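Now for the letters of each chain:
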Amino acid sequence: MTHPAAALDAHLASPRKILSAFSVASAGTLLATVLSVGTNKIIAVMTGAEGVALMGLYRGLGAFILGAVTSGSNLLVMQKVSAARSESERSDLISATALLTILQGLIIFLAAILAPDAISRSLFGSQQKAGGILEVQIVLGMTFLNLATQAAIAILKGQPDVKPVTILQVATSTASILLIFPLLQLGRVGLAINVGSGSAVGACLGIFFIFKLFRPKFNEKGLKERWTLLTSAGTSPLWL
């Protein structure tokens with residue numbers, strides 16, 4: 001039986017299909033960028049310089065934590081999924097990616113529990129205000145949503161149809177700009193939530209597309225086998 005993701009290869013191989021896919025991806029990226037710029041503009045107009053500065057700190061923290069825990073693993077996931085040639089192999093890789101995401105999320109959770117005060121002081125210094133620790137914990141929680149969304153995008157990029165990734169990116173940016181108005185009513189807490197507000201939609205939509213396209217079976221391999229696959233696939237690229 002031909003796997004749904006593999007069946008797209010021949011369908012999307014012609015120059016016309018490649019050009020069409022490029023057009024869809026470009027249009028989606030442009031729209032997502034415009035929506036992202038719109039979100040930043042709304043924050044600047046409604047909160048002023050202080051809000052822009054805080055948003056920059058929160059996003060910078062989220063990007064740093066995300067980069068630290070992923071260490072390029074998303075590129076590895078995309079490469080491995082694209083190279084897979086069977087439904088079973090793809091299921092194994094998706095299962096390993098799910099395990100990796102949980103482990104990365106655990107690191108973020110530990111940072112949110114054990115080190116929020118230290119992180120807050122590093123962000124705000126002597127200007128640290130009441131509630132800074134809570135805001136850091138919220139940012140870390142939103143970072144996990146960003147992590148899950150990026151993992152889903154990496155898996156979806158391993159198959160040839162660009163539409164799911166484009167839809168996911170546009171939906172994430174759209175959710176972010178729609179949610180910014182009520183979030184700004186919450187002040188600094190709302191800005192912290194905005195770091196991953198769109199990813200709450202993106203993660204759910206990404207999981208939907210993964211099950212629709214790949215139909216992974218998570219019960220075929222035990223925890224030990226998934227861990228072995230994860231470590232064997234990721235050791236050399238992680239060092240690189």
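Model, not experiment: these values are computed from the prediction.

Visitor: Quick question: what am I supposed to make of a nonpolar patch on the surface here?
Guide: Side chains of Leu 106, Phe 109, Leu 110, Ile 113 and Leu 114 sit close together on the surface and give an oily, nonpolar patch of about 520 Å² of accessible area. As for its position among the elements, Phe 109 is in helix H4 (residues 87-114).

Visitor: I'm lost on the side chain of Ser 176 in this one. Help?
Guide: With respect to the element layout, Ser 176 can be found in helix H7 (residues 163-184). Dropping the residues within four chain positions of it, Ser 176 is found in contact with Thr 39, Asn 194, Ser 197 and Gly 198.

Visitor: Help me understand the environment of Ser 95, please; the structure alone is not making it clear to me.
Guide: Position of Ser 95 among the secondary structure elements: in helix H4. Note on Ser 95: relative accessible area 3%, which makes it buried. For Ser 95 and Pro 216, which are 121 residues apart along the polypeptide, the C-alpha to C-alpha distance reads 7.8 Å.

Visitor: How do you make sense of empty space enclosed by the protein when you look at a structure like this?
Guide: Over the atoms, a rolled probe matching the size of one water molecule traces out where space is still vacant. Under the defined criterion, the tally for this structure stands at one cavity of 30 Å³ or more. A volume near 30 Å³ is recorded for the largest cavity. For the largest cavity, the full set of lining residues is Ser 73, Asn 74, Val 77, Thr 97, Leu 100, Thr 101, Gln 104 and Ala 151. Among the elements of the structure, helix H3 (73-83) and H4 are those that each provide at least two residues to the lining of the largest cavity. When residues in the lining of the largest cavity are grouped by element, the largest group, four residues, is from H4. Partitioning the lining of the largest cavity into residue classes produces three nonpolar, five polar and no charged.

Visitor: Where do I start with the pattern of salt bridges in this structure?
Guide: Oppositely charged side chains can pair when the atoms bearing their charge come close. Tallying each qualifying case throughout the model produces two salt bridges. The closest approach of N and O atoms between Asp 117 and Arg 121, which form a salt bridge, is 2.2 Å. Here Arg 121 and Asp 117 lie together in helix H5 (residues 116-124), a separation of four residues that amounts to about one turn. Residue class for Asp 117 comes out partly exposed when judged on its relative accessible area of 32%. The partly exposed category is assigned to Arg 121, whose relative accessible area is 44%.

The rules behind the values
- Residues numbered from 1 in each chain as written.
- Predicted model: local features only at pLDDT ≥ 70, side-chain atom pairs only at ≥ 80, totals over all residues.
- Heavy atoms only, no water.
- Patch = residues over 30% accessible without salt bridge, like charges linked within 9 Å, V, L, I, M, F, W, Y side chains within 5 Å.
- Areas by Shrake-Rupley, 256 points an atom, 1.4 Å probe, with all protein chains shown as cover.
- Salt bridge = Lys/Arg side-chain N within 4 Å of Asp/Glu carboxyl O.
- Helix = DSSP H or I, 4+ residues; strand = E, 2+ residues; numbered from the N terminus.
- Contact = heavy atoms within 4.5 Å.
- Buried < 20%, exposed > 50% of the residue type's maximum accessible area, 1.4 Å probe, protein only.
- 1 Å grid on protein atoms, 1.4 Å probe; cavity = no way out; pocket = protein on both sides within 12 Å on 5 of 7 lines; lining within 4 Å.
- Points joined across faces, edges and corners; volume = space filled by probe spheres on them.
- Nonpolar A, V, L, I, M, F, W, Y, C, P; charged D, E, K, R; others polar.

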